[in-house]
Amino acid sequence: MENKTNINFRKETLTKLLNAIIIHENEIIQALYDDFKKPAFEAVLTETSYVILELKDTIKNLKRWSKPKRVFPSILNFPSKDYIYKEPYGKVLVIAPWNYPFQLALCPLISAFAAGNQVVVKPSELTPKTSEIIAKIIRKIFDKNHVEVIEGGIEVSQQLLSKRWDYIFFTGSVAVGKIVAKAAAENLTPVTLELGGKNPCIIDETANLKLAAKRIVWGKFINAGQTCIAPDYILVQKDMKSHFVTYLKDEITKAYGANPSLSPDFARIINTKNWQRLVDMIEPDKVIFGGQTDATTCYIAPTLIEETSLESQIMAAEIFGPILPILTYENDAEIDTVISKYEKPLALYLFTENHAFSKKIIQDYSFGGGCINDTVVHFSNKRLPFGGVGHSGIGAYHGSLSFDIFSHKKGIVKKANWLDLPM
Ligand code: NAD
């Protein structure tokens, strides 16, 4: 394939993509708004700027990342020089979800192409305007033998999955992740699965409650709670609950005003089906804040729920919406009962000033990644691997790791001939 392994060609093409995204930024922001009223500020922060930074970082480091890496040789092979060569897998399929539809389609595409692969991207059908602008930009910049966008829904996705790929990168739900893994297994195709889960957020008796409330409101209600790493439920030390809830209410009002439906900073639920799924989770007698809904605009206000049962509908699976159940605990055993009931989550958050407690939680529980005294922000450090574990996903990416996951690492021993030791 023409120039496929030429680093300069890849850098030039990615620079063209960077310029195109900058030129079309307003159109992208508008498409995201049209799809589900994604607020402009969030669209810039979590979609366009994020992709622009990713592109700049990739263009800057591509040469270094792609170089063979020399490693210490084994004494058994003396004398030798040992290297890790990175080679593209070949044909990569990227399947993207709707919640960050631009970023989660573009970032894997950029890394897969940067690593020298041929890429096919299928954006989500639930965000048609964003899918359209992605297709427009990609078709303008890339030769379709290098990168192609195939738009469509489940059927198109299934057709793509029935073909043979050298790597599949999927972001979406656990249920579809299993379908992808099964399809990949047919051809022993390696996969990265970026899935979801029920992310706990623990607040202990030493936490700075006001700051915790501010950071949780940001992480939970950005994108109207439709974020894979949003805190799913709160586990607060029993005596702290009432103060903490007061702070949460204050912070929600500060962020979105007395009537969040009028706020330009609050997104809508993606479609009626998801809106109904979320509304069904709200038990009116448990609502302690918010609870307003509107079917015609797919609106659900930031809502706080007082929850005491793990058997309720809201505690059955990932919420993925602006509803936050608040549970309490009195001791570590009660924390364990709740967290251990669920599959390994994609993220875990802990608000505490107690270092021993944070160390214990990090050691005792398996989860994709997370924060102590914040939410969501671990996503933004490109030096941290991002991905799940168990049912929340397979594999991790971001920064140089993204280049690495799309590269087969070939170990090579270059033996010298000036000495031949008898074995
Ligand atoms: P989804 O699994 O319904 O859809 C994702 C993609 O798969 C879409 O492109 C869709 O067309 C395709 N698809 C849907 N059903 C399919 C089927 N039966 N066969 C083949 N392909 C199919 O997910 P979604 O609703 O778009 O996204 C929400 C989910 O994604 C949440 O669970 C969330 O936690 C997760 N998510 C994870 C991350 C992460 O980085 N780990 C990021 C965003 C979203």
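Please refer to the structure placed before this passage.
Residues numbered from 1 in each chain as written. Predicted model: local features only at pLDDT ≥ 70, side-chain atom pairs only at ≥ 80, totals over all residues. Heavy atoms only, no water.

Chemist: Can you help me understand the sheet that holds strand E14 (residues 323-329) in this one?
Modeler: Sheet strands pair via backbone hydrogen bonds, and the direction of the pair is either parallel or antiparallel. The strand order across the open sheet formed by seven strands is E10-E13-E14-E9-E8-E15-E16, and the pairing between neighbours is mixed. The open sheet is flanked by strand E10 (287-289) and strand E16 (369-372), the only strands paired with a single partner. Here the average twist between neighbouring strands, direction ignored, is 25 degrees. Judged from the four bridges that link them, strand E9 (residues 233-237) and E14 form a sheet pairing that is parallel. Its bridge partner lying in E14, Ile234 is registered against Ile326. Across the sheet, helix H12 (residues 355-364) touches strand E8 (200-203), E14, strand E15 (347-351) and E16, and the angle it forms with E15 is around 165 degrees. (Pairing = 2+ DSSP bridges. Helix = DSSP H or I, 4+ residues; strand = E, 2+ residues; numbered from the N terminus. Axes fitted to C-alpha atoms, helices over the stretch in contact; angles between N-to-C directions. Contact = heavy atoms within 4.5 Å.)

Chemist: Is there a simple way to explain the pairing of strand E3 (residues 91-95) in this structure?
Modeler: Consecutive side chains of a regular strand alternate in pointing toward one face of the sheet and then the other. By the criterion of burial, E3 is predominantly enclosed, with four of the five residues buried. As defined by bridge partners, E3 adjoins strand E4 (residues 118-122) across five bridges and the pair is classed as parallel. Bridge pairing in E4 links Val92 to Val119. Handedness of the β-α-β unit built from E3, helix H4 (residues 103-114) and E4 comes out right-handed. In the sheet, E3 pairs with strand E6 (residues 167-171) via four bridges, with the strands oriented parallel. Directly across from Leu93, in E6, lies its bridge partner Ile168. (Buried < 20%, exposed > 50% of the residue type's maximum accessible area, 1.4 Å probe, protein only. Right-handed = clockwise from strand over helix to strand, strands pointing away.)

Chemist: Which parts of the structure should I look at to understand the site of the ligand?
Modeler: Around the ligand sit 27 residues, and of these Glu125, Ser157, Ser173, Leu195 and Glu318 come closest. Alone, the ligand offers 850 Å² of accessible surface; in the complex the protein occludes 91% of this. Spatially, the ligand is embedded in the largest pocket. With four residues, helix H6 (residues 154-161) is the single largest residue contributor to the shell around the ligand. Taken together, the residues that form the shell around the ligand break down as 15 nonpolar, eight polar and four charged. Two domains each put at least three residues into the shell around the ligand: domain 1 (7-195 + 388-413) and domain 2 (200-380). (Near = heavy atom within 4 Å. Areas by Shrake-Rupley, 256 points an atom, 1.4 Å probe, with all protein chains shown as cover. 1 Å grid on protein atoms, 1.4 Å probe; cavity = no way out; pocket = protein on both sides within 12 Å on 5 of 7 lines; lining within 4 Å. Sits in = over half its atoms within 2 Å of the grid points. Nonpolar A, V, L, I, M, F, W, Y, C, P; charged D, E, K, R; others polar. Domains from an automatic or database assignment.)

Chemist: Explain the packing of aromatic side chains here, please?
Modeler: A ring pair, where both rings are aromatic, is described by two values, the distance of the centres and the angle of the planes. Counting across every chain of the model gives 17 aromatic pairs. Geometrically, the ring pair formed by Tyr50 and Phe379 is tilted, given 5.3 Å between the ring centres and 40 degrees between the ring planes. On the criterion of sequence distance, the pair formed by Tyr50 in helix H3 (residues 40-66) and Phe379 in the loop between E16 and strand E17 (393-394) is long-range, its members being 329 residues apart. According to the relative accessible area criterion, Tyr50 is buried, its value standing at 15%. On the accessibility criterion, Phe379 (12% relative accessible area) is buried. A centroid spacing of 5.7 Å and a plane angle of 35 degrees characterise the contact between Phe169 and Phe406, whose relative ring orientation is tilted. Of the two residues, Phe169 sits in strand E6 while Phe406 sits in the loop between helix H13 (400-405) and strand E18 (407-415), which places them 237 residues apart along the sequence. For the pair Phe169 and Phe406, one class covers both residues: buried. Put simply, the rings of Tyr50, Tyr89, Tyr167, Phe169, Phe379, Phe386, Tyr397 and Phe406 pair up and form one aromatic cluster. Sitting over the ring of Tyr342, Lys198 keeps its end group 6.0 Å from the ring centre. (Phe/Tyr/Trp six-rings, centres within 6.5 Å; stacked < 30°, edge-to-face > 60°. Lys NZ or Arg CZ within 6 Å of the ring centre and 35° of its normal.)

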